[in-house]
Amino acid sequence: MTQSASPDIIAVATSFVNLLFKEDWGETELTPAEVEVLFATVSAAGFNPKEVVKDGLSDEVSHTDYHVIDQSGHVHAAATNWLNRAFFCTSMYRSKLIPPKRLWVPGQVDCRENAIDAIKTEIERSIPLEPIQLTPDGERLREFPYNPTLNGFSRPPVQAFVDHTRDEHEFRGEVGIHDYCEGRMKRIRVAETRDALICGRCHLRVLFPKEVQTYGELRGFLAAKIRLAPRG
Ligand SMILES: [Zn+2]
Ligand SMILES: [Zn+2]
């Protein structure tokens with residue numbers, strides 16, 4: 001993302017890193033307020049968790065003892081992997097504070113600052129594309145999902161930190177999923193001045209100017225078109 005982090009994201013990243021930089025991190029159970037920091041972090045990263053719980057459900061993730069639970073009460077694999085990766089990433093910075101590696105790092109404060117910056121960046125990167133409204137009825141295009149399996153074992157999966165579609169990305173070919181319908185949507189040329197976004201499942205068809213090049217331009221055009229449309 002090109003815009004700078006909101007104060008909220010910086011505050012969340014700071015709380016998360018400060019928690020992991022605690023003297024006794026990993027040696028004691030987290031307090032409810034500390035688990036709340038984990039919850040705030042995965043929430044800021046766009047995962048919409050129901051709660052973060054101490055592991056008691058499965059042995060699959062051994063890097064940490066915490067699972068993210070989704071709104072339907074199941075383990076949220078992507079969010080849990082992301083959290084594990086965030087633990088791992090932060091601990092890499094933290095470990096430089098621990099002797100004898102201390103001597104290798106100029107300025108201890110920088111480690112924490114760098115960790116905060118890294119987590120802030122990953123929180124921003126993790127936020128999904130805001131779905132694009134397609135019709136006055138509220139139909140939406142959402143980005144293709146990232147569907148990981150829980151494969152933590154001793155190391156959190158590297159692919160836990162993933163890129164998402166952004167408004168400035170090129171809008172071309174297969175562009176995403178028709179929300180609720182779950183059909184794949186693609187862009188095709190249909191007229192001298194118009195292209196169409198079509199759903200392969202329900203055959204929804206949304207026309208827009210052929211000059212549209214990015215998700216953001218489509219979002220802008222359709223928002224204006226929907227504002228002008230008669231309410232049904
Ligand atoms: Zn046709
Ligand atoms: Zn559809």
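Residues numbered from 1 in each chain as written. Chains lettered and ligands numbered in written order. Predicted model: local features only at pLDDT ≥ 70, side-chain atom pairs only at ≥ 80, totals over all residues. Heavy atoms only, no water.

Enquirer: Before we go on, may I ask you to explain the sheet that holds strand 7 (residues 194–199) in this structure?
Expert: As a general point, the strands of a sheet are linked pairwise by backbone hydrogen bonds and lie either parallel or antiparallel. Read from one edge to the other, the open sheet built from six strands follows the order 3-4-5-6-7-8, with strand pairing classed as antiparallel. Single-partner strands in this sheet number two, and they are strand 3 (132–133) and strand 8 (205–209). Sheet analysis places strand 5 (residues 174–178) next to strand 6 (residues 184–189), joined by three bridges and oriented antiparallel. Residue pairing across strands places Glu174 opposite Lys186, the latter belonging to strand 6. Where helix 5 (residues 215–228) meets the sheet, it contacts strand 3, strand 4 (140–142), strand 5, strand 7 and strand 8, and its direction lies at approximately 105° from that of strand 8. (Pairing = 2+ DSSP bridges. Helix = DSSP H or I, 4+ residues; strand = E, 2+ residues; numbered from the N terminus. Contact = heavy atoms within 4.5 Å. Axes fitted to C-alpha atoms, helices over the stretch in contact; angles between N-to-C directions.)

Enquirer: Looking at this model, I keep getting lost on the pairing of strand 5. Mind explaining?
Expert: In the case of a regular strand, side chains alternate between the two sheet surfaces. Most of strand 5 sits out of view: four of its five residues are buried. Direction of pairing for strand 4 relative to strand 5: antiparallel, over a ladder of two bridges. The residue of strand 5 that forms the bridge with Leu141 is His178. With antiparallel pairing between neighbouring strands as the criterion, strand 5 and strand 6 make up a hairpin whose turn holds five residues, including Tyr180 at a positive phi of roughly 70°. (Buried < 20%, exposed > 50% of the residue type's maximum accessible area, 1.4 Å probe, protein only.)

Enquirer: What's the story with the packing of aromatic side chains in this structure? I'm lost.
Expert: Both the distance between ring centres and the angle between the ring planes are used here to describe each pair of aromatic rings. Taken as a whole, this structure holds six aromatic pairs when the rule is applied. Taking the centre distance of 5.5 Å and the plane angle of 40° together, the rings of Trp25 and Phe87 count as tilted. A residue pair is termed long-range when its members are at least 10 positions apart, and Trp25 in the loop between helix 1 (7–20) and helix 2 (32–44) and Phe87 in helix 3 (residues 77–95) qualify at 62 residues. Note on Trp25: relative accessible area 22%, which makes it partly exposed. Note on Phe171 and Phe208: the rings are 5.8 Å apart at their centroids and 70° apart in plane angle, and the pair reads as edge-to-face. Taken together, the residues span a long stretch of sequence, with Phe171 in the loop between strand 4 and strand 5 and Phe208 in strand 8 at a distance of 37 residues. Accessibility classification places Phe171 together with Phe208 in one group, the buried group. Members of the aromatic cluster, each reached through a chain of ring pairs, are Phe16, Trp25 and Phe87. The residue whose ring lies beneath Lys54 is Tyr66, and the NZ or CZ to ring-centre distance is 5.3 Å. (Phe/Tyr/Trp six-rings, centres within 6.5 Å; stacked < 30°, edge-to-face > 60°. Lys NZ or Arg CZ within 6 Å of the ring centre and 35° of its normal.)

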